[in-house]
Amino acid sequence: MDRVLKNPARLPLYLDPACPADKDDLDDLYTRLNRREYVHPDPLEFLYRYDDPRDREIVGLLSASLAYGRVAQILKSVESVLRPMGSSPFDFVLAASEVAVARALRGFKHRFTGGDEIVRMLAGIKRIVTEYGSLEACFKAHLGPDDTTVLPALGRFVEVLGCETACGSMFVPSPSRGSACKRLNLFLRWMVRRDDVDPGVWTGISPAMLIVPLDVHMHRIGRAMGLTARGQADMRTALEVTASFRKICADDPVRYDFSLTRLGILG
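Residues numbered from 1 in each chain as written. Predicted model: local features only at pLDDT ≥ 70, side-chain atom pairs only at ≥ 80, totals over all residues. Heavy atoms only, no water.

Points about the nonpolar core
Selection criterion: By nonpolar core is meant a set of buried Ala, Val, Leu, Ile, Met, Phe, Trp, Tyr and Cys residues that side-chain atoms within 4.5 Å join together. The cut-offs for exposure are 20% and 50% of the maximum accessible area for each residue type, with area from a 1.4 Å probe on protein chains only; residues under the lower value are buried, those over the upper are exposed, and the others partly exposed. Here, residues are in contact when the closest pair of their heavy atoms is within 4.5 Å.
Grouped together as the largest cluster of nonpolar side chains are 83 residues, with contacts concentrated most on Ile-125, Phe-139, Trp-202, Phe-245 and Leu-260. With residues up to four places along the chain from it excluded, the contact list for Ile-125 reads Ile-58, Leu-61, Val-93, Leu-135 and Leu-161.

Set out below in structure tokens:
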């Protein structure tokens, strides 16, 4: 999803490299902007429709994966994918055949993503749910005891999902190729963190392991704040920005992601 600073020439103090942000600054921003009323328009809002964690994690993966391009089109596209699934996407995924899913999504198009990519993702989700019981159980099964971030498990999760090659790296990127995996890390933020904005669907994964969902706009914010000097918005930069935030908030380095991105959206 495009997260644009409307007037980057007039940055607030949080983004002024001459006045580096500290925890008090960022906590103040978090208090003011990390609120449910500021979520719209954001595909995260689709998760609030569902109470069952099994539904929320599927909706979250679909919504985050489509979170690129104009926000109005993102919301429209996510809505059109969820509509055929009825009140329980989990039940739909388990019960519907691939042919039935393809029929339900015939004609779907979101920029570079067509209905075939969604069908393959749902087939991968069905395989995971059948084998592990949930996306959460699958992800946690691939977390190593010595992992300090979610990165190794994320790479294995993409492999198990099994649609990176079929769907193309644009839709389901793999961190093994150096991608910042912004949308997958956004999905993990929604799943793991729990506050007024992030629903925290999953348990047993520490927010300290999360990686900042880095796109070109968050990259620009990170450079302006002196969190990174790297010029490329890739996974190395995402890890560097995350490490910088970890020095400010060790147990929750992604805590400020939503409120920082609201700066531009809210003007």
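Still more to cover.
Comments concerning the pattern of salt bridges
Any two side chains of opposite charge can pair, on the condition that their charged atoms come close. For the record, the criterion: By definition here, a salt bridge exists when the distance from a side-chain nitrogen of Lys or Arg to a carboxyl oxygen of Asp or Glu is within 4 Å. Numbering of helices and strands starts at the N terminus; helices are DSSP runs of H or I of at least 4 residues and strands are runs of E of at least 2.
Overall, the coordinates contain 15 salt bridges when judged by the stated rule. One salt bridge connects Arg-255 with Asp-27, and the closest N-O pair in it is separated by 3.3 Å. Here Arg-255 is found in the loop between α12 (235–248) and α13 (257–266), whereas its partner Asp-27 is found in helix α1 (residues 23–33), with 228 residues between them in sequence. Residues participating in the shared-partner salt-bridge network are Arg-189, Arg-193, Asp-195, Asp-198, Asp-252 and Asp-257.

Thoughts on the packing of aromatic side chains
As a reminder, the rule being used: Only the six-membered ring of Trp is used, alongside the rings of Phe and Tyr, when aromatic pairs are assigned; centres must lie within 6.5 Å, and planes under 30 degrees apart are stacked while those over 60 apart are edge-to-face, with the rest tilted. Counted as over-ring charges are cases with an Arg CZ or a Lys NZ within 6 Å of the ring centre that also lie within 35 degrees of the ring normal.
Under the defined criterion, the tally for this structure stands at 6 aromatic pairs. Look at Tyr-30 and Tyr-256: their rings are 6.5 Å apart centre to centre, the planes differ by 90°, and that puts the pair in the edge-to-face class. Here Tyr-256 lies in the loop between α12 and α13 and Tyr-30 lies in helix α1, a separation of 226 residues in the sequence. The pair formed by Tyr-30 and Tyr-256 is uniform in burial state, with each residue classed as buried. An angle of 40° between the planes, with centres 6.2 Å apart, marks the rings of Phe-245 and Tyr-256 as tilted. With Phe-245 in helix α12 and Tyr-256 in the loop between α12 and α13, the pair connects residues that are 11 residues apart, well separated along the chain. Classification of Tyr-256 as buried rests on a relative accessible area of 1%. Among the aromatic side chains, those forming a connected cluster through ring pairs are Phe-139, Phe-157, Phe-187 and Trp-202. The residue whose ring lies beneath Arg-54 is Phe-90, and the NZ or CZ to ring-centre distance is 4.2 Å. Residue placement shows Arg-255 over the ring face of Tyr-30; its charged tip is 3.7 Å from the ring centre.

Observations concerning the side chain of Thr-242
Worth spelling out the cut-off: Polar contacts, as used here, are pairs of N or O atoms within 3.5 Å; protein pairs need one atom able to donate a hydrogen and one able to accept it. Residues neighboring in sequence count only if both atoms are side-chain atoms.
Inspection of the secondary structure puts Thr-242 in helix α12. A polar side-chain atom of Thr-242 sits 2.7 Å from the main-chain carbonyl oxygen of Ala-238. Among all residues touching Thr-242, those that are not within four sequence positions of it are Leu-210, Ile-211, Val-212 and Pro-253.

Focus: the packing of helix α2 (residues 53–65) against helix α10 (residues 182–192)
What counts is decided by this rule: Note on definitions: angles span 0 to 180 degrees between N-to-C directions of axes, and those axes are lines fitted to C-alpha atoms, for helices only across the stretch in contact. An angle below 35 degrees is read as roughly parallel, one above 145 as roughly antiparallel, one from 65 to 115 as roughly perpendicular, and any other as oblique. Left-handed describes a crossing whose near helix is turned anticlockwise from the far helix through less than a right angle; right-handed describes the clockwise counterpart.
Packing of α2 against α10 leaves a shortest axis separation of 8 Å and a crossing angle of 150°. Comparing the axis directions of α2 and α10 gives the class roughly antiparallel. Between α2 and α10 lies a crossing of right-handed hand. For the pair formed by α2 and α10, the contact residues are Arg-56, Glu-57, Gly-60, Leu-61, Ser-63, Ala-64 and Ser-65 on the first element and Arg-183, Leu-184, Phe-187, Trp-190 and Met-191 on the second.

Digging into the packing of helix α6 (residues 115–132) against helix α8 (residues 151–161)
Taken N-terminus to C-terminus, the directions of α6 and α8 make an angle of 105°; their axes are 8 Å apart at the nearest point. In terms of orientation, α6 lies roughly perpendicular with respect to α8. Residues Met-121, Gly-124, Ile-125, Arg-127, Ile-128 and Tyr-132 of α6 form the contact with α8, whose own contacting residues are Phe-157, Val-160 and Leu-161.

Thoughts on the environment of Val-197
Within the secondary structure, Val-197 is located in the loop between α10 and α11 (216–224). Measuring from C-alpha to C-alpha, the distance between Val-197 and Arg-36 comes to 5.2 Å, with 161 residues separating the pair along the chain. Setting aside residues no more than four positions away along its own chain, Val-197 makes contact with Asn-34, Arg-35, Arg-36, Val-39, Leu-44, Tyr-48, Arg-189 and Phe-258.

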